[in-house]
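# Structural characterization, general
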Amino acid sequence: MKILVLVKQVPDTSEVKFNENGVMIREGLQSILNMFDQFAVEEALRIREKYGGEVSVMTLAPEQAKSALQKCLALGADKAYHISDRAFGGSDTLATSYALSLAIKKVGDFDLIMAGNQATDGDTGHIGPQVAQFLGIPHVSYVEKIENVEGDKVLVKSLLEDGYRMIEVKLPALLACIPPPNFEYSNPSMMGIVKAKNKPYVWLKADDIDGDKSRFGLNGSPTRVMKMYPPPKRSRGEVFTGNYNEAVKKIIDVLKEKKVIS
Amino acid sequence: MLDFTFTEEQEMIRESVRDFAQRKIAPIAMEMEKTKQIPEDVIQGMAELGLIAPTVSTKYGGQGFDAVTAGIIAEELSRADPTGSIPVFYLVQASWGHVFNKYGTEEAKQEILPNVTKGKWFLGIATTESDAGSDVLGTRTTIRKEGDHYIVNGEKMYISGVREAYTRGGGHITIAKQFPDRGAKGMTMFYLPLQQKGIIPTYVDDLGREGISTGGFTIDNVSIPKHYLVGEEGKGFYIVHEGYEYARGLIAVICAAAGLKSLERGEKYLKERKAFGLPLAKFEALQFRLAEHYTKLSFLRLGSYWALWTYDREGQKKATRFEVSKAIAMAKMFASEWSTQAIDEVMQWQGAFGYTRECTDQAAWRAIRSFAWAEGSKEIMRVIVARELLGKEYTAYK
Ligand SMILES: Cc1cc2nc3c(=O)[nH]c(=O)nc-3n(C[C@H](O)[C@H](O)[C@H](O)COP(=O)(O)OP(=O)(O)OC[C@H]3O[C@@H](n4cnc5c(N)ncnc54)[C@H](O)[C@@H]3O)c2cc1C
Ligand SMILES: Cc1cc2nc3c(=O)[nH]c(=O)nc-3n(C[C@H](O)[C@H](O)[C@H](O)COP(=O)(O)OP(=O)(O)OC[C@H]3O[C@@H](n4cnc5c(N)ncnc54)[C@H](O)[C@@H]3O)c2cc1C
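It should be emphasised that the depicted structure is a prediction, and the values quoted were computed from it without experimental measurement. Every residue gets a number counted from 1 within its own chain, in the order that chain's sequence is written. Here chains are named by letter from A upward and ligands by number from 1 upward, in the order in which they appear as written. Totals for whole chains, interfaces and linings use every residue, but because this is a predicted model, local features are given only for residues with pLDDT of at least 70 and side-chain atom pairs only at 80 or more, for both listing and counting. Based on all heavy atoms of the structure, the side-chain values leave hydrogens and waters out of the count.

### Here's the deal with the site of ligand 2
Residues and elements named next belong to chain B. Stated precisely, the cut-off is as follows: Throughout this document, a residue counts as near a molecule or strand when at least one of its heavy atoms sits within 4 Å of that molecule or strand. What qualifies as a polar contact is a pair of N or O atoms within 3.5 Å, subject to a donor-acceptor requirement within protein and to the restriction that residues adjacent in sequence count only when both atoms come from side chains. The accessible surface values rely on the Shrake-Rupley method and a 1.4 Å probe; as for residues, cover is taken only from the protein chains in view. Secondary structure is summarised from DSSP: a helix means a run of H or I of at least four residues, a strand means a run of E of at least two, and numbering begins at the N terminus for each.
Around ligand 2 sit 19 residues, and of these Thr128, Ser134, Tyr158, Ser377 and Glu379 come closest. One of the backbone nitrogen or oxygen atoms of Tyr158 is found 2.9 Å away from a nitrogen atom of ligand 2. Side-chain polar atom of Glu379 to an oxygen atom of ligand 2: 2.6 Å apart, as the coordinates give it. For ligand 2, the protein covers 69% of the area, taking 970 Å² as the surface of the free molecule. Breaking the shell around ligand 2 down by element, the ones donating at least two residues are β1 (122–126), β3 (149–160) and α13 (378–390). Ranked by residue count, the leading element in the shell around ligand 2 is β3, at three residues.

### A word on the interface of chain A and chain B
Applied cut-off: Any two residues whose heavy atoms approach within 4.5 Å are treated as being in contact. When two parts are put together, the accessible area they lose, computed with a 1.4 Å probe and summed over both, is reported as buried area. The term salt bridge refers to a pairing of a side-chain nitrogen on Lys or Arg with a carboxyl oxygen on Asp or Glu at a separation within 4 Å. Residues are sorted three ways: Asp, Glu, Lys and Arg are charged, Ala, Val, Leu, Ile, Met, Phe, Trp, Tyr, Cys and Pro are nonpolar, and all the rest, Gly among them, are polar.
Facing the 14 residues of chain A at the interface are 19 residues of chain B. It is Asn187(A), Met190(A) and Ile193(A) in chain A that bury the most area against chain B; as a group they hold 46% of the surface buried on that side. Between chain A and chain B we count four salt bridges in total. Lys66(A) is paired through a salt bridge with Glu8(B); the nearest N and O atoms lie 3.8 Å apart. Broken down by secondary-structure element, the contributors of at least two residues to the side of chain A that touches chain B are α2 (66–75) and α5 (190–196) of chain A. Considered class by class, the residues forming the side of chain A that touches chain B number seven nonpolar, three polar and four charged.

### A few points about the site of ligand 1
Residue and element names in this part refer to chain A. Ligand 1 sits among 27 residues. The nearest are Leu6, Lys8, Asp37, Ser91 and Thr124. Between an oxygen atom of ligand 1 and a side-chain N or O atom of Thr96, the distance comes to 3.1 Å. Compared with its free state, where it exposes 940 Å², ligand 1 has 77% of that area covered by protein. Of all the elements in the fold, those that place two or more residues in the shell around ligand 1 are β4 (54–60), α3 (93–107) and β6 (112–116). Residues belonging to the shell around ligand 1 are distributed by class as follows: eight nonpolar, 14 polar and five charged.

### Side note on unusual backbone geometry
Where the residue is not glycine, phi is negative for most of them; where a peptide bond is considered, it is trans in most cases. How we decide: Between buried and exposed lies partly exposed: a residue is buried under 20% and exposed over 50% of the maximum accessible area for its type, with that area taken using a 1.4 Å probe on protein chains only.
A cis amide bond links Leu171(A) with the next residue in sequence, Pro172(A), at an omega value of -5°. Within the fold, Pro172(A) resides in the loop between β9 (163–170) and β10 (173–177). For Lys36(B), which is not a glycine, the phi torsion comes out positive at approximately 60°. Along the chain, Lys36(B) falls in the loop between α2 (32–35) and α3 (40–49). Judged by its relative accessible area of 39%, Lys36(B) falls in the partly exposed class.

### Some details on the nonpolar core
What counts is decided by this rule: To qualify as a nonpolar core, a set must consist of buried Ala, Val, Leu, Ile, Met, Phe, Trp, Tyr and Cys residues joined through side-chain atoms within 4.5 Å.
One finds Val5(A), Met114(A), Leu175(A) and Trp96(B) to be the most contacted residues of the largest nonpolar core, which totals 151 residues. A per-element tally of this core places helix α8 (residues 236–272) of chain B first, with 18 residues. The residues contacting Met114(A), other than those within four sequence positions of it, are Ile3(A), Leu4(A), Val5(A), Leu6(A), Ala40(A), Glu43(A), Ala44(A), Ile146(A), Leu175(A) and Cys177(A). If you look at the next biggest cluster of nonpolar residues, it comprises 25 residues, including Leu100(A), Ile104(A), Leu135(A) and Ala206(A).

The following block contains the structure:
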């Protein structure tokens, strides 16, 4: 089984600060591997362990994202593809997924492509499904677990708002993955880190992937970001205190008053 | 010529260890003050990442890391564990694992080291006795050859990890006198498994690093197979110093890290706590102390890495044994003192709270204080540096 995982480096937003205009202060923020992608990589490695094969990782990003790919190799991935070229600067999700799909076609036949469901910075959740569309293969989003692989089919658990569904999908396919709430990510082992530097690391330029150059980068990006602002603060809900019976009675009164119940 | 950067690989190692240590160790560290042991899942997590005796060759389950890289791991563990328990658990095994890896017999290494790196056994060092610490030649424990094995008799005291080796398995690299009339050339080192007849452990109620035991053991006619010798007969005195030096370098890093981490907690407190209508951080008298301690400890940190780097250079034949001894002794000389002074200051800033057992920094103070003695006292560090400066002929005694 040949698996490719699409990964993105994102700013570590766990300790984000905003300036007085509500714009995120990017300075001093560390860059980390998108947690959704780390989950996808770890899930891919589990599949490899069970069914054999090879796990590759790919990113489209400036040179500094090397540390994210290196981390994937240290976690156990076999090979990395790093697409980096000025021509891709300013790509929106359409241009990004177009370029990724071209690179995927170029570098090999994968049985399974995995991605994070969303990136913690851009957070559009576009890339996975769009790449699948460009490649003409099926995709499933919100994949929390790959249950089984049999022949050319995978059985996956995909989350719904109030439950989940089990979906069988024919390979090749793309799975956009989301870590379960109890996901405990792994740290790369010392051995993994040492081995990573001898694993194949392939750089790709715009010229290396065949495609319509006018669809790369800013030129190929119809989306324009007009303005970024934090959502308006919601007022705090009312908290009913006092002993249990009193509080419940007060809540019932309010609900009646608002005609939620009668 | 000067380049104060770590390699890309070392940076990745730091990042991985830091994330692990902050997630898995920092939250439980203060609990060890009460439970008196390192949680098993932490030990197993360390083993899985390859953090136990990473100085051992890959052939025996280690990582083959050099001293600087071992120092990076020590630093991150120290930043996460103010009680000093896990840093001690780490540094003893990293240092003496290195020695065992270098001087142990093939048979013994295959038998023992994989169990150590997997986190099953503990590997310690036993040189100190009730009547002999700094003066290693004053050792009273004896070893004598008998047929194809050796017989050991004596007693060791103030030894780290006695309970760990006695209950988990493993043992201590031990020094004893084999040829009493040969002075420094009469000492022999060997591996002494603690789980065997003739070994009786004792424990001391020491001040800190509560998660790991300190104790001793009597050795009553214990038989040691030939392949447990660490280095040749009569070479023990020289080999033991290589191990001490490795440990001292790591200790210096650990002291710097613990002090700097304490100052970070202190900075936060200075900004939050108000007196006379102002945050404490506004008082210059306190600012100056912060600046001084931070500067001293930052130099200590640099000096420690420089000493470990010198250690690695000896392996590359670019530094002599003497240069290493001096560099390492310089790094350790003020390590405990400067670090405990900084931590003491941070306790002071916290007012009466600083004098309670709830305060994290007092645990760090008790842990770091031990390093003014452990693996060579701060006075002995001065003896070493002076000896290297003036020449052996000016040593006051033999
Ligand atoms: C310099 C720069 C300029 C930009 N300019 C614009 C712009 O002008 N207009 C605009 O709309 N956006 C712009 N972007 C944002 C960029 O288009 C998105 O960050 C990107 O397309 C991914 O979208 P997302 O973050 O929402 O990822 P999602 O779609 O939420 O990510 C889902 C998953 O897709 C995969 N993935 C996402 N991105 C990559 C990647 N690069 N390589 C490999 N896998 C990936 C990962 O598996 C990820 O978990 C810019 C970004 C950069 C860095
Ligand atoms: C918590 C803890 C854990 C330890 N773990 C271990 C372990 O795992 N294995 C092990 O073998 N040992 C261990 N030790 C022992 C440690 O190595 C010794 O304490 C140290 O070597 C000093 O020996 P001593 O205690 O016998 O003091 P002594 O040698 O008796 O010295 C007493 C004092 O005199 C000073 N002094 C001695 N000689 C001179 C001199 N020439 N000039 C000036 N001052 C001098 C010393 O510095 C010291 O302050 C540990 C100690 C502690 C506190």
